[in-house]
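Below, each chain spelled out in residue letters.
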Amino acid sequence: MEHPRDMPTAIAAAPDGSIWFTIDLAAAMGRVRDGHLERFPLPSNNVEPSGLGVGPDGSAWYTDNSARAISRITPAGEITSFPLGTPIVRVGGLAVSPEGAVWFAEATGYSITRLKDGEITRHVFESPRGDPYGVAVAADGTVWATLRSGNQLLHITTDGEIKAYDLPKPAAVPSDIATGPDGSVWFIELRENRIGRLKDELFEDYQVPGDSPMLAGLTVAGDGAVWFGMLRGRGLGRLTDGRVEMFKLPRQGARPCSVAVDRSGNVWYADISGYVGMLPMQYARR
């Protein structure tokens, strides 16, 4: 990175092939485009910007805890913020639907919240423990989310109805979540070091090898492969057909905490030790 103290945190791929990423404790956003690293100034330092998604117009939406808002940066670097209207803000993951609605996990509001055309709609859940974190929008327009302390998945229909699913393992702590092209819902079981799957109301999960690799970041590629990072494992993982494969990263101190797949099938990762990296498609699909 251009600035040695930068900590890339969340990463997302844009429709044009560029890669956006947030930077913790910095007044900046990052982008990789055509092999060049760009840094866009923000009005203030962002803190724990774990939510990031890219809309159909190429603008990046990100959680902006310091500004108590959800913010958008256009491909030209223009920034607009949408205040959440609460004195304290703690926001987790974020996802953008194909029609441009922004969904995010709002722990301080005990809700999974939708932002569209400047209007905020909160879907408040009933779990007494809560701690919402991951958010994903499925192909059918419904929304899935994780409750870490509640040890549950949430499903929000297009009509706003909420259904909670208790995980089979009592202390799995679901974190990141993503949906696959076949309708599968994939999620990290943080304390179990497993990747979980919900399909047709049935749960199953898959063990990730290694001694407490600390799974972080999750995405599903167009071919259905599930990719994730390992903060303590110095690598990336891929789950296909029930089999987990490990990809060790070349840098000794690598700590990949989020992943994204671009339109060509390259796998990108944000490394909190100060790097943005990419696993080329020809290796990712081997």
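For the structure, see preceding data.
Since the model is a prediction, treat every value here as computed from it, not as a measurement.

Conventions adopted
- Residues numbered from 1 in each chain as written.
- Predicted model: local features only at pLDDT ≥ 70, side-chain atom pairs only at ≥ 80, totals over all residues.
- Heavy atoms only, no water.
- Salt bridge = Lys/Arg side-chain N within 4 Å of Asp/Glu carboxyl O.
- Buried < 20%, exposed > 50% of the residue type's maximum accessible area, 1.4 Å probe, protein only.
- Core = buried A, V, L, I, M, F, W, Y, C linked by side-chain atoms within 4.5 Å.
- Helix = DSSP H or I, 4+ residues; strand = E, 2+ residues; numbered from the N terminus.
- Contact = heavy atoms within 4.5 Å.
- Pairing = 2+ DSSP bridges.
- Axes fitted to C-alpha atoms, helices over the stretch in contact; angles between N-to-C directions.
- Phe/Tyr/Trp six-rings, centres within 6.5 Å; stacked < 30°, edge-to-face > 60°.

Draft legend 1. Looking closely at the pattern of salt bridges. Taken as a whole and assessed by the stated rule, the structure comprises 15 salt bridges. Of the charged contacts, one joins Arg238 and Glu245 as a salt bridge, the two residues approaching to 2.4 Å between their closest N and O atoms. Neither Arg238 nor Glu245 differs from the other in exposure class; each is buried. In the salt-bridge network here, residues are joined through shared partners; they are Arg31, Arg33 and Glu38.

Draft legend 2. Just the nonpolar core, in detail. By size, the foremost hydrophobic cluster in this structure holds 14 residues, and its most contacted members are Trp186, Ile195, Leu215, Leu218, Val226, Phe228 and Leu239. Mapped by element, the contributors of at least two residues to this core are β18 (185–189), β21 (215–220) and β22 (226–230). Excluding residues within four positions of it along the chain, Leu218 makes contact with Asp176, Ile177, Ala178, Trp186, Phe187, Ile188, Ile195, Val226, Trp227, Phe228 and Val259.

Draft legend 3. Representation of the sheet that holds strand β26 (residues 267–271). One open sheet holds the three strands; their spatial order is β25-β26-β27, and the pairing between them is antiparallel. Of all strands in the sheet, those bounded by a partner on one side alone are β25 (256–261) and β27 (275–279). Across the sheet, the mean angle separating the axes of adjacent strands is 25° when strand polarity is ignored. Strand direction decides the pairing type here: β26 and β27, joined by five bridges, are antiparallel. Within β27, the residue paired with Trp268 across the bridge is Met278.

Draft legend 4. Representation of the packing of aromatic side chains within the structure. Enumeration according to the criterion identifies seven aromatic pairs in this entry. Arranged with centres 5.2 Å apart and planes meeting at 45°, the rings of Trp227 and Phe247 form a pair that is tilted. Linking Trp227 in strand β22 with Phe247 in strand β24 (residues 243–248), this pair joins segments that are 20 residues apart in sequence. Trp227 gets classed as buried once you look at its relative accessible area, which sits at 2%. With relative accessibility at 7%, the residue Phe247 sits in the buried group.

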